Amino acid sequence: MKRNLILLACLLGIGLFLLVGRQGPEEKEQETAIKSESLVSVGQSLSALNDNLPAGEVYDRPDGLPDTALICFGEKGSDTSYVFFGTQGVDYLPCMEQYPERVNCCGVAAPVSALFPMTSEVMPLADFFEGIGISEYHYEEEADVALGWVTFSCGEYTVFINANQRKGEDWTYTGAREIQGNAPAVVMDTEIEAANVRFFEEHFGAGQ
C-alpha cells in the first residue's frame, strides 16, 4: 500500500491547506517568510545536490514527521536535511541509489528558526503566524499520531512544525500553543514529492 506524505496530509485533515494551480501575489508574498537560502535546493536532483555537497549521504530520519520517516540527503548530524520522500515502510533507498538524476529534492527539514528567522526562542502561535503573514493554520489537538503539530500553507509549500514542548530528549504535548525556535520543522513541495513517488512506482512497483 502506498505510504507517502500526501496520504499523511490527508490523515491530518489539512487538504484545505494544500495549494492547487499557479501562485498568486499573496502566495508569493507569504513564501518570502521562509529563508530564501533554505529553498534553493528544492527541485534539484540528487545528483546535483551531491555535486554541491560531496560529503553528503542518503539516510532516513525516523522522526521526520508524525509516524512518518523522511528519506533525506545531507550530512548526518547537520541541522538541515534535504527531503526526497516520506515513508511509512516503503523502501525508497534503491530508487535514490540507482536513479539519482531522476529524483528531486522536495523539501527541507530544519529547526523552525533556520527556516523562519523571525522566530524567537519561545513564541506564541498567534505571534508566529502574525509575523509571517499567515492567517490559516491547523493545530492538532485531538489525533494521537500528530498531537501538537502545526500544518499550514506558505506560498507553494506545505509546512509541518512540531509545536510540542521539549522535555529532555522527547517532545511532549502540553496544549500551550507555543513554538520553540529549535523545534523540528519541514517545508515541502508536495507536488515534487508526488512526482518522486510516481517515478518510484513506475520502476519498482507500488508499495515495494
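Scroll up to find the structure.
Since the structure is predicted, the reported quantities are computational estimates derived from the model, not experimental observations.

A. Inspection of the overall build of the protein at higher detail. When helices and strands are counted, the protein shows 8 helices and 12 strands. A buried classification covers 46% of the 208 residues belonging to the protein. Here the contacts in the protein between residues at least 6 apart in sequence split such that 61% fall between residues at least 24 apart. Summing over all exposed atoms, the protein offers an accessible surface of approximately 10,100 Å²; the carbon and sulfur share of this is 46%.

B. Main features of the pattern of salt bridges. Tallying each qualifying case throughout the model produces 1 salt bridge. A salt bridge links Glu141 to Arg177, with the shortest nitrogen-to-oxygen separation between them at 3.0 Å. You can see Glu141 sitting in the loop between β6 (138-139) and β7 (149-154) and its partner Arg177 sitting in the loop between β10 (170-172) and β11 (178-180), a full 36 residues away along the chain.

C. Highlighting the nonpolar core. By size, the foremost hydrophobic cluster in this structure holds 39 residues, and its most contacted members are Phe116, Phe128, Phe152 and Ile161. Of all the secondary-structure elements, those providing two or more residues to this core are β1 (57-65), β2 (68-74), β4 (107-111), α6 (112-115), α7 (125-132), β7, β8 (157-162) and β12 (184-188). With residues near it in sequence (within four places) discarded, Ile161 still touches Val112, Phe128, Gly148, Trp149, Val150, Phe152, Ile179, Pro184 and Ala185. Ranked by size, the runner-up nonpolar core spans 15 residues in total, among them Ile71, Phe84, Cys105 and Val197.

D. Structural view of α7. For α7, every residue scored as buried is listed here: Leu125, Phe128, Phe129 and Ile132. The arc enclosing the buried residues of α7, seen along the axis, measures out at 90°, which places them on a common side. Within α7, the exposed residues directed more than 90 degrees away from the buried face are Ala126 and Glu130. One or two residues past the end of α7 sits Gly133, with phi positive at roughly 75°.

Conventions and cut-offs
- Residues numbered from 1 in each chain as written.
- Predicted model: local features only at pLDDT ≥ 70, side-chain atom pairs only at ≥ 80, totals over all residues.
- Heavy atoms only, no water.
- Helix = DSSP H or I, 4+ residues; strand = E, 2+ residues; numbered from the N terminus.
- Buried < 20%, exposed > 50% of the residue type's maximum accessible area, 1.4 Å probe, protein only.
- Contact = heavy atoms within 4.5 Å.
- Areas by Shrake-Rupley, 256 points an atom, 1.4 Å probe, with all protein chains shown as cover.
- Salt bridge = Lys/Arg side-chain N within 4 Å of Asp/Glu carboxyl O.
- Core = buried A, V, L, I, M, F, W, Y, C linked by side-chain atoms within 4.5 Å.
- Arc of directions from axis to C-beta.

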